[in-house]
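Listed below, chain by chain, are the residues.
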Amino acid sequence: MDLTTIVTTATAAIQAEPVLWILIVGFVVAFILAFAVGANDVANSFGTAVGSKVLTMKQACICATIFETLGSVLIGAKVGQTIRKGIVDVTIYSTMPNGINMLMLGNLAAMLGSAAWQLIATFFKVPVSGTHSIVGACIGFSLVVAGFQGVNWTKLLMIVLSWFLSPVLSGIMAVSLFWIVKKTVNDQKDPLRYSRYLLPLFYAITLIINCFSILYSGAPMLGLGDLSVGYICLISFSLGCVVYLLVYFIYIPRLSRDVKTIEAEEALILQEVGQCGDFVKGMDRKPNDSGYETPLNKNEAKAANEELNITVNERLINNTDNREDAVMIANDKLLVENVATITSNKKQRYWTSHSAVDDLPIGRS
């Protein structure tokens, strides 16, 4: 290696030193930002699933780790491109003195500010948006460095409009899905029968949307950028049909058996405790009964409570000296407290009341 090469290499290293420390610190801040996003933004996504007991906290963390990573890799390229150079006009920094360093330093400050804000919001238990945070931070540093001309206001307007449209469209979709499920499943005389057709359809539609998003976004790591829209639709629809058939012929029969088993077990428990045959009969499904808090449901719950209370009181009078019966009476009292919950939501009693009743130490005669 001659002297000229050594001098050139040393000069390049000295010139790159300001950029190098920004790059190293940027990796550290990126991990902090990812932690903040997981603590707040991802928690928003899985909060409803954990709150409704569909997933446990551990299961939600595992799913978030897997699917958030897959989502960023498969369909996050275009969003990343928008954040990288869609909001800030990067061409200005190419003509600005020391502009590249300023751009890198500004992005580092944006990541640090976004991470700090999301961690503070998480500490105070406030759900915020990671997208809003990073977009606002990018706008802030660009306004300071380059002024109003440093921001792509057209792209920013589209992003802001999406912030207002997202809750509206999400609300419309939620209401539509709820209405479809209520009319086609909950209000039917045999909800289980109709849910066998609707549940596979929901699985298929979800997969079709996800596949279309992945293929249409042209994930760079998979080399999918050259597929036509028609070909993408064909692949997505075909995969959706396969999922529909798998769910319908494999998953639904097993789910139906589980539901019927739970229903039979709970009916047996209610018959064993207090001879509640009328109560079990009163829980039969009726047309146009959504299973939510209605006067009819409340009256049935009140009648069932009175029937069980009478049975418990009779056993208290006749069997106070028998220790074994005393334990059964105590268990009966616990069951009475759960009857209103079991009856108030009859369409979901197979899941909610099963866990509640199954935990009781009810003896069998």
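As a reminder, the structure under discussion sits directly above these lines.
Everything quoted here is computed from the prediction, not taken from an experiment.

Participant: Mind showing me how you'd approach the pattern of salt bridges here?
Facilitator: Proximity of charged atoms lets side chains of opposite charge pair with each other. Under the defined criterion, the tally for this structure stands at one salt bridge. In this structure, lysine 182 and aspartate 187 form a salt bridge, with 3.2 Å as the shortest nitrogen-oxygen distance. For lysine 182, a relative accessible area of 25% gives the class partly exposed.

Participant: Please explain the packing of helix H2 (residues 41-51) against helix H3 (residues 57-75) as it appears in this structure.
Facilitator: Axis angle and axis distance: for two packed helices, these are the angle between their axes and the distance between the axes, and together they describe the pair. Axis separation between H2 and H3 bottoms out at 10 Å; the angle between their running directions is 140 degrees. If you check the angle between H2 and H3, you find them oblique. By crossing handedness, the relation of H2 to H3 is classed as right-handed. Taken together, the residues of H3 that come into contact with H2 (itself represented by Val42, Ser45, Phe46 and Val50) are Met57, Ala60, Cys63, Ala64 and Glu68. A breakdown of the residues in the contact of H2 with H3 according to their chemical character gives seven nonpolar, one polar and one charged.

Participant: Quick question: what am I supposed to make of the side chain of serine 256 here?
Facilitator: On the secondary structure map, serine 256 appears in helix H10 (residues 229-272). A distance of 3.4 Å separates a polar atom in the side chain of serine 256 from a polar atom in the side chain of arginine 196. If sequence neighbours within four positions are ignored, serine 256 has contacts with Leu192 and Arg196.

Participant: So what exactly am I meant to see when it comes to the state of the cysteines here?
Facilitator: Covalently bonding the sulfur atom of one cysteine to the sulfur atom of another cysteine gives a disulfide. Going through the model one piece at a time under the given rule, you end up with zero disulfides. Here cysteine 61 is not disulfide-linked; the sulfur of cysteine 63 is the nearest cysteine sulfur, at 9.5 Å.

Participant: Can you help me understand helix H6 (residues 99-123) in this one?
Facilitator: Each α-helix turn comprises 3.6 residues. Residues three or four places apart therefore point the same way. The end-to-end C-alpha separation of H6 is 36 Å, in line with the 36 Å expected for 25 residues at 1.5 Å each. Taken together, the buried positions of H6 are Gly99, Asn101, Leu103, Gly106, Leu108, Ala110, Ser114, Ala115, Gln118 and Ala121. Positive backbone phi, at 60 degrees, marks lysine 125, one or two positions downstream of H6.

Participant: Quick question: what am I supposed to make of the nonpolar core here?
Facilitator: A general feature of soluble globular proteins is that nonpolar side chains tend to end up buried together. Core analysis: the largest hydrophobic core is formed by 15 residues, its most contacted members being Tyr93, Ala110, Val135, Cys138, Ile139 and Phe141. Among the elements that line this core, the one with the most residues is helix H7 (residues 130-146), at seven residues.

Participant: Would you mind showing me how to read H2 here?
Facilitator: By the burial criterion, the buried members of H2 are Val42, Phe46 and Ala49. Looking straight down H2, one finds its buried side chains confined to an arc of 40 degrees; they lie on one side. In H2, those exposed residues whose orientation departs by more than 90 degrees from the buried face are Thr48 and Gly51.

Participant: Even after reading the chapter, I still don't get the packing of aromatic side chains, so can you show me in this structure?
Facilitator: Ring pairs (aromatic) are described by centroid distance and by the angle formed between their planes. This structure, assessed with the given rule, holds seven aromatic pairs. Plain terms: the ring middles of phenylalanine 123 and phenylalanine 124 are 5.1 Å apart, the flat faces sit at 90 degrees to each other, and that makes the pair edge-to-face. Here the two residues phenylalanine 123 and phenylalanine 124 agree in accessibility, since each one is exposed. Above the plane of the ring of tyrosine 216 lies lysine 78, whose end atom (NZ or CZ) is 5.1 Å from the centre. Directly above the ring of tyrosine 194 sits arginine 193, whose terminal nitrogen or CZ lies 5.5 Å from the centroid.

Parameters and conventions
- Residues numbered from 1 in each chain as written.
- Predicted model: local features only at pLDDT ≥ 70, side-chain atom pairs only at ≥ 80, totals over all residues.
- Heavy atoms only, no water.
- Salt bridge = Lys/Arg side-chain N within 4 Å of Asp/Glu carboxyl O.
- Buried < 20%, exposed > 50% of the residue type's maximum accessible area, 1.4 Å probe, protein only.
- Axes fitted to C-alpha atoms, helices over the stretch in contact; angles between N-to-C directions.
- Helix = DSSP H or I, 4+ residues; strand = E, 2+ residues; numbered from the N terminus.
- Parallel < 35°, antiparallel > 145°, perpendicular 65-115°, else oblique.
- Left-handed = near helix turned anticlockwise from the far one by under 90°.
- Contact = heavy atoms within 4.5 Å.
- Nonpolar A, V, L, I, M, F, W, Y, C, P; charged D, E, K, R; others polar.
- Polar contact = N/O pair within 3.5 Å; in protein donor to acceptor, adjacent residues only side chain to side chain.
- Disulfide = S-S within 2.5 Å.
- Expected span 1.5 Å × (residues − 1).
- Core = buried A, V, L, I, M, F, W, Y, C linked by side-chain atoms within 4.5 Å.
- Arc of directions from axis to C-beta.
- Phe/Tyr/Trp six-rings, centres within 6.5 Å; stacked < 30°, edge-to-face > 60°.
- Lys NZ or Arg CZ within 6 Å of the ring centre and 35° of its normal.

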